[in-house]
Amino acid sequence: MQKYYLTTPIYYVNDKPHIGHAYTTILADTIARYRALLGEDPMLLTGLDEHGLKVQQAAEKNGKSPKNHCDDMAPAFVNLWEKLNIKYSDFIRTTEERHTTVVQKILDEVHKNGDIYIDEYEGWYSVSEERFITEKELDSGEFGQVRKIKEKNYFFKMSKYQTQLIKKIKSDELLIQPVSRKNEVLGFLRNELSDLCISRPKSRLEWGIELPFDKDYVTYVWFDALINYVSAIGAFKNTKYFKKLWPADVHLIGKDILTTHSVYWPTMLLSLKIPLPKRIFAHGWWLTDNEKMSKSLGNVVSPLLLVDDFGVDAVRYYLMSEMVLGIDATFSSESFEKKYNSDLANDFGNLVSRVSTLINNNFDSKIPTPSTMESDLAKNYKKIILKDKLDNLEIDKVINNTMTFIRSINVFVEKNEPWKLVKVDKNKAGNILFHCAEALRLSSILLSPVMPSKSEDILQILGTKEKSLVWGKLKPGSSITLSKPIFPRIN
Ligand code: MSP
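Heads up: these notes are all about the structure in this document. Worth saying up front: this structure is predicted, and the values here are computed from it rather than measured. (Residues numbered from 1 in each chain as written. Predicted model: local features only at pLDDT ≥ 70, side-chain atom pairs only at ≥ 80, totals over all residues. Heavy atoms only, no water.)

### A few points about the overall build of the protein
Here's step 1: Of regular secondary structure, the protein possesses 20 helices and 16 strands.
Here's step 2: Each of the 491 residues in the protein was classed as buried or not, and the buried ones make up 55%.
Here's step 3: Here the analysis covers contacts within the protein between residues at least 6 apart in sequence; of these, 77% occur between residues at least 24 apart.
Here's step 4: Of the roughly 21500 Å² of accessible surface on the protein, a fraction of 49% belongs to carbon and sulfur atoms.
Here's step 5: Within the protein, one finds 67 positive and 63 negative side-chain charges whose respective centroids are separated by 6 Å. (Helix = DSSP H or I, 4+ residues; strand = E, 2+ residues; numbered from the N terminus. Buried < 20%, exposed > 50% of the residue type's maximum accessible area, 1.4 Å probe, protein only. Contact = heavy atoms within 4.5 Å. Areas by Shrake-Rupley, 256 points an atom, 1.4 Å probe, with all protein chains shown as cover. Lys, Arg positive; Asp, Glu negative; His and termini not counted. Charge placed at Lys NZ, Arg CZ, Asp CG, Glu CD.)

### Re the packing of helix α7 (residues 179-188) against helix α11 (residues 258-272)
Helix-helix packing: each pair is described by the crossing angle between the helix axes and the interaxial distance.
Here's step 1: Orientation of α7 relative to α11, taken along the N-to-C sense of each, is 60°, at an axis distance of 11 Å. On the basis of the axis angle, α7 is oblique to α11. By crossing handedness, the relation of α7 to α11 is classed as right-handed. Counted together, Arg181, Glu184, Val185 and Phe188 of α7 and Leu258, Thr259, Ser262 and Val263 of α11 form the full contact between these two elements.
Here's step 2: Along the lines of polarity and charge, the residues of the contact of α7 with α11 split into four nonpolar, two polar and two charged. (Axes fitted to C-alpha atoms, helices over the stretch in contact; angles between N-to-C directions. Parallel < 35°, antiparallel > 145°, perpendicular 65-115°, else oblique. Left-handed = near helix turned anticlockwise from the far one by under 90°. Nonpolar A, V, L, I, M, F, W, Y, C, P; charged D, E, K, R; others polar.)

### Quick notes on the layout of surface pockets
Here's step 1: For the second largest pocket, the calculated volume is near 270 Å³.
Here's step 2: Contributions of two or more residues to the lining of the second largest pocket are made by α1 (19-37), β2 (41-49) and α20 (452-461).
Here's step 3: When residues in the lining of the second largest pocket are grouped by element, the largest group, five residues, is from α1.
Here's step 4: The residue makeup of the lining of the second largest pocket, split by class, is nine nonpolar, three polar and five charged. (1 Å grid on protein atoms, 1.4 Å probe; cavity = no way out; pocket = protein on both sides within 12 Å on 5 of 7 lines; lining within 4 Å. Points joined across faces, edges and corners; volume = space filled by probe spheres on them.)

### With respect to the environment of Cys70
Here's step 1: Note on placement: Cys70 falls in helix α3 (residues 66-83).
Here's step 2: Exposure remark for Cys70: the relative accessible area of 0% places this residue in the buried category.
Here's step 3: A C-alpha to C-alpha distance of 9.3 Å links Cys70 and Asp49, two positions 21 residues apart in sequence.
Here's step 4: If we skip the residues at most four places from it in the chain, Cys70 touches Val13, Glu50, Val55, Arg93 and Trp207.

### Regarding the site of the ligand
Here's step 1: Lining the immediate environment of the ligand, one finds 24 residues, of which Ile10, Asp49, Asp256, Trp286 and Met293 sit closest.
Here's step 2: Ile10 is positioned such that a nitrogen or oxygen atom in its backbone is 2.8 Å from a nitrogen atom of the ligand.
Here's step 3: Between the ligand and His21, the relevant distance is 3.0 Å, taken from an oxygen atom to a side-chain nitrogen or oxygen of the residue.
Here's step 4: The fraction of the free accessible surface of the ligand (670 Å²) that becomes covered by protein chains is 94%.
Here's step 5: Going through the elements one at a time, β1 (3-12), α1, α8 (221-226), α9 (228-231) and β12 (250-254) are the ones with two or more residues in the shell around the ligand. (Near = heavy atom within 4 Å. Polar contact = N/O pair within 3.5 Å; in protein donor to acceptor, adjacent residues only side chain to side chain.)

### Let's talk about the side chain of Arg181
Here's step 1: Along the chain, the position of Arg181 falls in helix α7.
Here's step 2: The residues contacting Arg181, other than those within four sequence positions of it, are Ile176, Lys255, Leu258, Ala282 and Gly326.

### With respect to the sheet that holds strand β10 (residues 210-211)
Working definition: the strands of a sheet are paired by backbone hydrogen bonds and lie parallel or antiparallel to each other.
Here's step 1: Here we have three strands laid out as an open sheet, ordered β9-β11-β10, and antiparallel in their pairing. Here the strands that pair on one side only, and so sit at the sheet edges, are β9 (199-201) and β10.
Here's step 2: Pairing of β9 with strand β11 (residues 214-219), which is carried by three bridges, proceeds in the antiparallel orientation. Bridging across to β11, Ser199 finds its partner in Thr219. (Pairing = 2+ DSSP bridges.)

### Thoughts on the side chain of Glu50
Here's step 1: By secondary structure assignment, the location of Glu50 is in the loop between β2 and α2 (53-61).
Here's step 2: Side chain to side chain, Glu50 and Thr95 meet in a polar contact 2.4 Å long.
Here's step 3: When residues no more than four places from it in sequence are discounted, the contact partners of Glu50 are Val13, Val55, Cys70, Arg93, Thr94, Thr95 and Trp207.

### Some words on the sheet that holds strand β14 (residues 286-288)
Here's step 1: Taken in spatial order, the three strands of this open sheet run β15-β14-β16, and their pairing is mixed. Where the open sheet ends on each side, the last strands, each with one partner, are β15 (291-292) and β16 (329-330).
Here's step 2: In terms of strand pairing, β14 meets β16 through two bridges, oriented parallel. Bridge pairing links Trp286 to Ala329 in β16.

### Observations regarding helix α4 (residues 97-112)
Here's step 1: The terminal C-alpha atoms of α4 lie 22 Å apart, and with 16 residues this matches the ideal 22 Å at 1.5 Å per residue to within 8%.
Here's step 2: For α4, the complete set of buried residues consists of His99, Thr100, Val102, Val103, Ile106, Leu107 and Val110. Buried residues of α4, seen end-on, are gathered within an arc of 165° and therefore sit on one face of the element. Looking at α4, the residues exposed on the side facing more than 90 degrees away from the buried face are Glu97 and Lys112.
Here's step 3: One or two steps after α4, the chain reaches Gly114, where phi turns positive at roughly 85°. (Expected span 1.5 Å × (residues − 1). Arc of directions from axis to C-beta.)

### Re the pairing of strand β3 (residues 90-93)
Here's step 1: Residue alternation in β3 divides its side chains into two sets, Asp90 and Ile92 and Phe91 and Arg93, and both sets are buried.
Here's step 2: Where β2 and β3 come together, four bridges link them in parallel fashion. The residue of β3 that forms the bridge with Leu45 is Asp90.

### A closer look at the packing of helix α19 (residues 426-447) against α20
Here's step 1: Running from N to C, α19 and α20 cross one another at 160°; their axes reach a closest spacing of 8 Å. The angle between α19 and α20 places the two elements in the roughly antiparallel class. For the pair α19 and α20, the sense of crossing is left-handed. Only Ser455, Ile458 and Leu459 of α20 make contact with α19, whose side of the interface consists of Arg441, Ser444, Ile445 and Leu447.
Here's step 2: In terms of residue class, the contact of α19 with α20 is made up of four nonpolar, two polar and one charged.

Geometry only, nothing functional implied.
Have a look at this one:
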């Protein structure tokens, strides 16, 4: 089976997970489930970023040791993923030994090959970004609390790899998507790249992975965190497994962490002579009132509340269909309710009830026998482009195409009026209803990566376990079950 290795960012444990974290993780899970539908073997990695100043400060605030703070926070993420029906293959925490040893091994390697040096540096340090910022960035005023700091630190020779990196990005050997983000990175790379400060003196920050070659320092949190993508799959340890999965097929990220992923990470890999990931995809932000939803702004919606109110599949459907991948989207409960009622309650849910009731009343609850496999619906179904859209990560388009197909089933029912037809030509009516039921089976399967449990419910109503994406596989004669509305309207 073809492997498909995809990753989410690893989330900071300074606070509880919010809708931004939930979005990326649901997106990754949906993509992984679509790859499985295509017959591939997806490996989805997610996890937690547990070192650094933010986490240390959060722990201090809670009066806990950093490790205890992390241990106490981790279940909030794990439980949310369970509640959101996320099927990850592995969950990595950067405090785990399997990670810290690889970080130290990589530091040693890069140090040995001459790409790490010590230097005294004086510059502006952004507390929120946890890094030195340039004069230009300082002038932008976007970096909140800044401090002038003068200290000895270790630097990674990032600049040495600038030309090589530009080439790989320009040629799409390292594909950065959407193209606007590729251009943003290339724009950034038009300026001379500085070297990356990869250490923090313990006197200032204790909570990190100790440098293997200087015990007075810990590793800069981003140099540590990015390595999770290879430490989790056995870099330097389980060569066979690592070789099977690496390079990653895609790193999914939010647009705010583009530079770290498209510049820091690939240059680190170039220094290590490890192949670069195939693709980095940066999605947009969820906004309310044109502002990013974030904990510090206090305008976040808890995914848990949404799930409790509307059910997990409806929330997944909304998040996956409403955001055009790569572009910001605005969250509001009005738009949520509108989308739910029109797409799920009306178009999809009502249709399932209608078709199953007609079969129940006129065909003794058994899927009728078709007289032909040809129909407008069969034609429409064959027009749905799945693989190309999925290769482009256009999940919103796959969903929209499926919804258009579902609407065409509604049109087909209206046009053929099987409730009238059954009185004059029962075979013909049966043929129409078979085609409707088959189209519903395939629609459910096409939406199953987005709504895993509702799709199962619909297949159960249709009395089938058949998951084939080939038209015409529904078995005539199998018993359907009537059920309560699958997507009850929200009033
Ligand atoms: N720990 C780093 C990532 C290290 S990866 C090696 C980090 N963590 S984070 O918890 O702050 O954010 C993780 C992700 O959540 C980012 O991709 C970010 O874009 C995403 N989101 C946070 N708020 C968001 C929205 N309002 N909307 C969509 N996603 C946003 O950064």
